[in-house]
There are 4 protein chains.
Amino acid sequence: MTAHDHGKWGCACWGAEDELGAANLLTPAKRLAALKSIETGKVYDLSHVFGTDAPYMAPNQTPFLMMMWSSWRDSIRRRRKHGMTNDAGSNVERIEMTAHVGTHIDALGHVSKGDRLYNGFDAAETLTEWGLSRLGIERTPPMITRGVLLDVAGLDGGPHLAPGRVVTPEELARAAEAAGVTIEPGDFALIRTGWGRYFGTDNARYLAGSPGIDVPAAQWLTAQGVTAIGADNMALEVLPNPDPAKALPVHQHCLAEAGVHIIENLMLEELAADKVARFCLIVLPPKMRGATGAPVRPVAIV
Amino acid sequence: MTAHDHGKWGCACWGAEDELGAANLLTPAKRLAALKSIETGKVYDLSHVFGTDAPYMAPNQTPFLMMMWSSWRDSIRRRRKHGMTNDAGSNVERIEMTAHVGTHIDALGHVSKGDRLYNGFDAAETLTEWGLSRLGIERTPPMITRGVLLDVAGLDGGPHLAPGRVVTPEELARAAEAAGVTIEPGDFALIRTGWGRYFGTDNARYLAGSPGIDVPAAQWLTAQGVTAIGADNMALEVLPNPDPAKALPVHQHCLAEAGVHIIENLMLEELAADKVARFCLIVLPPKMRGATGAPVRPVAIV
Amino acid sequence: MTAHDHGKWGCACWGAEDELGAANLLTPAKRLAALKSIETGKVYDLSHVFGTDAPYMAPNQTPFLMMMWSSWRDSIRRRRKHGMTNDAGSNVERIEMTAHVGTHIDALGHVSKGDRLYNGFDAAETLTEWGLSRLGIERTPPMITRGVLLDVAGLDGGPHLAPGRVVTPEELARAAEAAGVTIEPGDFALIRTGWGRYFGTDNARYLAGSPGIDVPAAQWLTAQGVTAIGADNMALEVLPNPDPAKALPVHQHCLAEAGVHIIENLMLEELAADKVARFCLIVLPPKMRGATGAPVRPVAIV
Amino acid sequence: MTAHDHGKWGCACWGAEDELGAANLLTPAKRLAALKSIETGKVYDLSHVFGTDAPYMAPNQTPFLMMMWSSWRDSIRRRRKHGMTNDAGSNVERIEMTAHVGTHIDALGHVSKGDRLYNGFDAAETLTEWGLSRLGIERTPPMITRGVLLDVAGLDGGPHLAPGRVVTPEELARAAEAAGVTIEPGDFALIRTGWGRYFGTDNARYLAGSPGIDVPAAQWLTAQGVTAIGADNMALEVLPNPDPAKALPVHQHCLAEAGVHIIENLMLEELAADKVARFCLIVLPPKMRGATGAPVRPVAIV
């Protein structure tokens, strides 16, 4: 297929029942090429450690909470009562979270365009009380493909772009050119704004606004056949949107129109410092049935 | 180092502050060799889809629960009130879970031997109200290494071993021999009992007891320097333990004594059907601060 | 007003903005009369103790869960670190529950008739993501009024009515007659089926079906002006409904049509044993904003 | 008994197994006298409405959270699938809270003195993973007794006392004298500081500090045999404590030493405005097994 064949609303590139979207571009050949490109085996860990102090946008939604269900002490006492004497103490916690905490991936069913989700699926029929019946994160395949770093912050020259600063298609093209990279179908594009340094270190700043792409930049990427897009900020897209009548338009385009997965809250400093522009990128989301996303631990390997 | 140097309680192989345990054996050379062994790029997804119906052992601990925080409908209505007209509807859920649901990895701090965790860390000092201050899952590095399948069920001839059936060191040795595999330091050993077929299909049966290894089999593996052990059952070890005075002795040995991570609830049928005994195994746990484990999506690549 | 003036759908007895329903009948005179009727001050506690083992009807909704947030030990340690030396240890738990656990009251906004709640309020406008904007339990006034016991089980002669047994208006009338009671506007009617003995002692039986009233019996009560109706079973009404095409029709009539509150899971054995048919009934629901009900501890005083 | 017989640590006034403490003073005679004192039946509702915006002291403990489990829309759709056509829509929420949110009562097991709870019960033996095995709120009887208002703010002349202002025994005595009240065994003392006006209206101010009693004032009350003490502030006692080495010393004295229940976050403005100093006070805590407290809706009746 050519790059322009997909990414159109209702294009039905991959059939009326398709739930993979641009993840269809993760072909065996693409994957093998990415794996074969590995030379040294050096691993870049692109995720943040997160906990109850994780930054999060939505008011009233606790992003993450952890409490102990059972401590070693409690379980030893309980097991002794049942006659067990080897004193195996189990520490087990209760975790409460949204699927969009820390470094995480958005499932295609996360954002709608009106009443429609990706591939035209009806939101009212798809969303049940207990999650998505289609387009949940368990449908996302293991993502093992070529990753490319578009270091817009590096191109800009400062440690990070300013909050609210729109990243344009032209800048993405220049960042690719500067790195000697041509985006190809099935690539996973990572965009560095430099904003990731405030994750967990200055959450108020991290959340008050952020640099990011707007719809034209997203369209430029999806038109070239990227399978997914990630960034080192809260929502991939610029916040707040320059047009106050628009909420999350980049999410709408990527997820609902183009079937392109999004990864947020990445940590891209080390890749940039080492000037690594091409790598094998691996993202393995846990298969929580019907979830609209999942925390992940993406790694780049060179 | 030689294989017998680690795995002893208090051996201090890796220093008094070490929190990695046998994951120290994940050397760059080991990783690169595993990646270089990939020939076709075929991926085996070794995890189950899980949800509120996930099997779980502990009474009173909800394994997994998902509710919608926000539906596309609610968020469109709310955004319209704020003047946003592009009707981006966000589906966002609340997830409640333990770290030990579905296919998951145990952090080294999950189980104690009396008041001591791995490397002699004092459990009372390590476990805080909000999780582990040491040995939490965020300390576990990306695991990319050689995996070996020890297909004990295949050796046995039936679809699965009987519940309560102890897997011995001799059987592991025979399964390795049958597959032409020699276990090497840093390997990730996967043990197939065939019990995984009941995960989610017959939870009562899955939980009522299971085949699995006992301490001698675990010691046989750790003495050979495995970095981690996984199995297609609830707890890796045989349940119930033949000695009623012992609770989770294999967990104690692997986690608290040998510093060897455990992965549970794997799905190994496809690997076995294809008679794949050696592969590149990749496990990437999300870095939840202080958690005693994490759901993961392990993949084997050949 | 006469008894037949209220209880009609859309009757607008109490005005277009009314959120009290038949609780408007809790007049100062009615209340004072109930209080003045007290002779000995003997208190009957009509509620069950409840916990994680509370019976509950809806699958997938945890009725009640309690975990410790903080133990005396944890808080003493933490306070010592802050220089506090009086060793005040705080035990504080986290509670997770529905509003319909244990002995509880239903708010008028709990059940709709199609898209309409009590007094014709539009359900879509009333229910927000965070609860009811009208008809929530915080609108329910302190209920202090005359209670009457209709001991249908006593009339029947056995320890309890059979599960699925419909209690008819005629039986209610006979029970009132047997006790020498005439129902008056503002009364709080308690119906004894004897089923309460299985709450917490045999939950499977308690939930598998229960004796209770059907719509005609409910209509008979609301036509006489009761302010609320309670019973010693899971849902006041007979379960399952004899007409399989009807779900919770008594709830619809009482809450959505007649504006009559419902109390469930009462314990009425002691009242019946003492043959107490009239009493001062006090129900004081905690004012949780927007909640569809609340656990309560009703008492009868004579 | 004389007033000074109780309130001593280990006094064993009410026996080695006693879990009621000063609630033993709620005798039938005391209760009947309170009920008989009612003249007009006018009810004062002494509680705040509370929700997710409730003020709360402990960091990391969500005080209250409400989400919808089921909406009328979801349940109608589900029931139609099962052939039910009467369109009964159920609104049911999930509530998450501590027992110490809004207007609430503390159970005697809430606070320890070192490793000891009220009546010398060992905290380690009493606190289980799932709550208190003794001294939980389900042991607290219905509280129906004489209440007295000690309007310290009224005595002071301003709308409220200053934050951090200690209320002394002398002031309590003067407030009682000004109201013409003599405290008697079994009375429920309510202390008005005026601080309640900031609950929910200015939480930051409400929590930053508050006027309240210190240990001598608490001892003065318990020595006179009060069954419980309530106040219109966060913690009854002055915050922060003037002695920085003391955490919650009034809680320790009342709960752990004297067996006197505490009610917090009361709303006493209306009582004070009407200059009501004596009344029948009714507090009916839901019987949540093992809980360290419970939200309540106290009412005063005159």
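What counts, and where the lines are drawn
Residues numbered from 1 in each chain as written. Chains lettered and ligands numbered in written order. Predicted model: local features only at pLDDT ≥ 70, side-chain atom pairs only at ≥ 80, totals over all residues. Heavy atoms only, no water. Salt bridge = Lys/Arg side-chain N within 4 Å of Asp/Glu carboxyl O. Helix = DSSP H or I, 4+ residues; strand = E, 2+ residues; numbered from the N terminus. Buried < 20%, exposed > 50% of the residue type's maximum accessible area, 1.4 Å probe, protein only. Contact = heavy atoms within 4.5 Å. Buried area = accessible area lost by both parts, 1.4 Å probe. Polar contact = N/O pair within 3.5 Å; in protein donor to acceptor, adjacent residues only side chain to side chain. Pairing = 2+ DSSP bridges.

(A) Here's a closer look at the pattern of salt bridges. Per the counting criterion, the structure on display carries 90 salt bridges over all chains. One salt bridge connects A:Arg146 with A:Glu184, and the closest N-O pair in it is separated by 4.0 Å. Of this pair, A:Arg146 sits in strand S9 (residues 143-151) while A:Glu184 sits in the loop between helix H5 (169-179) and strand S11 (188-192), and the two are 38 residues apart along the sequence. D:Asp122 is the salt-bridge partner of D:Arg116, the closest N and O atoms lying 3.9 Å from each other. Owing to a relative accessible area of 38%, D:Arg116 belongs among the partly exposed residues under this scheme. Overall, D:Asp122 belongs to the partly exposed group, its relative accessible area being 22%. Overlapping salt bridges bring together A:Arg94, A:Glu96, B:Arg94, B:Glu96, C:Arg94, C:Glu96, D:Arg94 and D:Glu96 as one network.

(B) Summary view of unusual backbone geometry. Following A:Leu239, the chain continues into A:Pro240 via a peptide bond in cis, with omega recorded as -10 degrees. With respect to the helices, strands and loops of the structure, A:Pro240 is situated in the loop between strand S13 (228-231) and helix H8 (249-257). In this structure, C:Leu248 takes a positive phi of about 50 degrees despite not being glycine. Under the relative-accessibility criterion, C:Leu248 is labelled buried at 13%.

(C) Representation of the interface of chain C and chain D within the structure. Between chain C and chain D, the contact holds 93 residues from the first and 93 residues from the second. Carbon and sulfur atoms supply 58% of the area that chain C and chain D bury against each other, a total of about 7,400 Å² over both sides. Among the residues of chain C in contact with chain D, C:Trp72, C:Lys287 and C:Arg297 are the three that bury the most area, contributing 11% of the side total. Counting the contacts that link chain C with chain D gives six salt bridges. C:Asp45 is the salt-bridge partner of D:Lys287, the closest N and O atoms lying 3.2 Å from each other. Across the contact surface, chain C and chain D share 44 residue pairs in polar contact (both at pLDDT 80 or more). The leading source of residues in the side of chain C that touches chain D is strand S4 (residues 92-98) of chain C, at seven residues.

(D) Highlighting the pairing of strand S9 (residues 143-151) of chain D. Residues and elements named next belong to chain D. Across the nine residues of S9, nine count as buried, placing the element largely inside the fold. Both S9 and strand S15 (residues 278-283) contribute to a ladder of six bridges, which runs antiparallel. Directly across from isoleucine 144, in S15, lies its bridge partner isoleucine 282. Pairing between S9 and strand S11 (residues 188-192): five bridges, direction parallel. Along S11, the bridge assignment pairs aspartate 151 with arginine 192.

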